[in-house]
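Letter by letter, the chains look like this.
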Amino acid sequence: ITFVLRFLASYGWYLVGASAAVLYAAHKLSPRFERWRQAREDAAYHKDPDVALARMAAIQEARERQQRLLEEASARALREQKEREERKRAEMAERLKKLEENGGHRLGAGAGDDYLPLSGGASTSSYRPPKRSACSRGGCGG
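Treat the numbers as computed from the prediction; the structure is a model and nothing was measured. (Residues numbered from 1 in each chain as written. Predicted model: local features only at pLDDT ≥ 70, side-chain atom pairs only at ≥ 80, totals over all residues. Heavy atoms only, no water.)

What to know about the UniProt feature "transmembrane region" (unreviewed entry) in the protein
Stage number 1. Taking the numbering used here, the UniProt-annotated feature "transmembrane region" (unreviewed entry) corresponds to residues 12–30.
Stage number 2. In residues 12–30, the share of helix is 100% and the share of strand is 0%. The end C-alpha atoms are 27 Å apart. (UniProt positions renumbered as here; feature names shortened; annotations may be inferred. Helix = DSSP H or I, 4+ residues; strand = E, 2+ residues; numbered from the N terminus.)

Some remarks on the pattern of salt bridges
Stage number 1. A full pass over the atoms with the stated rule returns 5 salt bridges.
Stage number 2. The partner of R89 in a salt bridge is E85, and the shortest N-O contact between them spans 4.0 Å. Here R89 and its partner E85 are both found in helix α2 (residues 49–102), 4 residues apart, which amounts to about one turn of the helix.
Stage number 3. Of the residues examined, E85 reaches a relative accessible area of 35% and is grouped as partly exposed.
Stage number 4. Close ionic contact of K98 with E94 constitutes a salt bridge, the shortest N to O distance being 3.9 Å. With K98 and E94 both in helix α2 and 4 residues apart, this pair spans about one turn of that helix.
Stage number 5. When its relative accessible area of 47% is taken as the criterion, E94 is described as partly exposed.
Stage number 6. Among the ionic contacts, a cluster of salt bridges with common partners joins E34, R37 and E41. (Salt bridge = Lys/Arg side-chain N within 4 Å of Asp/Glu carboxyl O. Buried < 20%, exposed > 50% of the residue type's maximum accessible area, 1.4 Å probe, protein only.)

What follows is the structure, given as structure tokens:
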């Protein structure tokens, strides 16, 4: 452990610099390597047309599989949406049925017959109008 710590203390910055150089070189050289690999594959396709046909068949099969999965997901989503709409309709029908059984719903039905919401005479009212002052007409500023 002491050897490793001494080595890092002595050559740590060199290791950091070398790592940065390697990462920079890899970043710059990867597109060239990719082009070289693609050119090599293209040359293999030109030499052997069966490889190209096999690749095209694989691509077509993958597209068909993706299309099939998309259609299944779309059908499933449509089915779920219809089920949700059907549940909503059933809930609304049930609510309407309950309202008809209870005689309907009126505003203020649960508060009693003496409930007048606009009367303002209730003792539970906590609203008080603001005080009038001379400042509202501009008399305070001088």
